[in-house]
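# Fold and contact review
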Amino acid sequence: MADYTKMWQDLGLDIESHEALLSVLGKAYADIFLVQKNRPEGMKYFDFVMSEVHGLRIKEIMDAKAQGRIVVGSYCTFVPEELVLAVDGVAVGLCAGAEFGFEAAETLLPRNTCSLIKSVFGFKLGRVCPYLESCDIVVGENTCDGKKKAYEILAPLVKDFYVMDMPQVKSEMGRKLLREEYRKFMAKLEMESGKEITPASLKRGIEIVNEKRKAMLRLNALRAADPTPISGLDALLINQVFFHDDPVRFTDSVNKICDELEIRVKDHTGVAPKGTTRLIVSGCPMAVPNWKVPMLIESSNAVIVGEESCVGERSTRWLTDVKGSTIDEMLDAIVDRYFNIDCAIFTPNPSRVNHVKEMVKDLHANGVIHYSLQFCQPYIIESNPVEKELEKSHIPTLRLETDYSQEDTGQLKTRIEAFVERLKKR
Ligand code: BJ8
């Protein structure tokens, strides 16, 4: 990587802590990803993106800012990239997947806060995230109680923190609320960017994001093959890069790897032998660099073939209808698309478990690992009925609850191995 110290200094990063973080991440990446066997050639692009994730990509974002484009960061898949693109902005997902700065975070938050939220604070207080520091607007959404209360404390620490309210029920009123919030967000984007959203610019934003999602749907479908042509770790990585990369270049790179995977499927080439135990992971999102559980699963004679998660299918499913020609029609189509997202903050939330069942069937999975972050009430509470419903449909399920530390890896590995053994005996 070139020397980006000056750029990081200008962004106000703590250079020493940032270097330390990058060196830990670089080593973890090499130990987890680069040691995998039979990786598709197309993963080289994503390896490159990861090697430059705080370098070249940030440089591109700074160049975009210099050209007058705004940068909008978010912590949730409910924030529509289509709208940001409609003002020619740059949308970035703000990663919160590392156990960094938790001690500082716990001076502001209770200890029993989920790791994802603590990581948001750790990155901010430790000044180690160039994405967060380059944002013109940071959007916080009123989803789970942990996030919405934590955002009250985060808001004064961030340059322009914008709160988006969120429905909790899939009702007509809920839909109206989401539409109104998206409309208000459009006005905010127009004000900050100084650019008007036109039918043409909104359509363009929708089309770019649809293409990105189509590429991901193509990738997901290819994982139905046995042997599976790509590891769950690599697929997760692509899902994580989904939130940072330039959308057009990302789409192109995913389609390229899909071309390669199609040939692999035809040739019966896979990352693990045919008949390897196949698992779906369902639950909380795994933001970069949260790779712990997938790494444990795939080193236990199993392969992950799908992610029912916001870093996974909840972000990539459903395209936005492009038929509309007015802003109102297109906004309705965007609301229709996003209102499908079956996050556990919704009550009730039956479509989520139904989709897990569909994924098991379509991807020929042998079982499901339900992944919850400790202290995440929505997903932990929902894991019980989800497990019951899946077991009723004869889908073996293992519920895991963990955090970002490495302390429980031995215990998790033992449970995962026992689960994989149980599946093999069926
Ligand atoms: S749409 S899943 S990205 S809210 S793990 S912070 S839920 S206590 S992240 Fe999410 Fe949007 Fe929903 Fe998706 Fe709270 Fe749970 Fe922590 Fe979580």
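Above this text you will find the structure in question.
This one's a predicted model, so the numbers in the text were calculated from it and none came from an experiment. (Residues numbered from 1 in each chain as written. Predicted model: local features only at pLDDT ≥ 70, side-chain atom pairs only at ≥ 80, totals over all residues. Heavy atoms only, no water.)

## Considering the site of the ligand
- Not every one of the 17 residues close to the ligand is listed here, only the nearest: C76, C144, C310, C343 and C376.
- Here the residues of the shell around the ligand sort into 13 nonpolar, 2 polar and 2 charged. (Near = heavy atom within 4 Å. Nonpolar A, V, L, I, M, F, W, Y, C, P; charged D, E, K, R; others polar.)

## Details of the pattern of salt bridges
- In this structure the tally under the stated criterion is 47 salt bridges.
- D259 is the partner of R218 in a salt bridge, and the nearest nitrogen-oxygen pair spans 2.6 Å. Taken as a pair, R218 in helix α11 (residues 199-222) and D259 in helix α13 (residues 247-266) lie far apart in primary sequence, 41 residues in all.
- Ionic pairing is found between K392 and E389, a salt bridge with its closest N-O pair at 3.4 Å. (Salt bridge = Lys/Arg side-chain N within 4 Å of Asp/Glu carboxyl O. Helix = DSSP H or I, 4+ residues; strand = E, 2+ residues; numbered from the N terminus.)

## Some words on a nonpolar patch on the surface
- On the surface, a nonpolar cluster with roughly 270 Å² of combined accessible area is contributed by L108, L125, I153 and L157.
- With respect to the element layout, L125 can be found in helix α7 (residues 115-126). (Patch = residues over 30% accessible without salt bridge, like charges linked within 9 Å, V, L, I, M, F, W, Y side chains within 5 Å. Areas by Shrake-Rupley, 256 points an atom, 1.4 Å probe, with all protein chains shown as cover.)

## Overview of the pairing of strand β8 (residues 397-402)
- Of the strand pairs in this sheet, strand β7 (residues 367-373) and β8 are connected by 6 bridges, and their pairing is parallel. Bridging across to β8, S372 finds its partner in E401.
- With respect to chirality, the unit in which β7 leads through helix α18 (residues 377-392) into the neighbouring parallel β8 is right-handed. (Pairing = 2+ DSSP bridges. Right-handed = clockwise from strand over helix to strand, strands pointing away.)

## What about the side chain of H370?
- Mapped onto the fold, H370 is located in strand β7.
- Setting aside residues up to four positions removed in sequence, H370 forms contacts with S282, G283, R352, Y379, S383, V386, L398, R399 and L400. (Contact = heavy atoms within 4.5 Å.)

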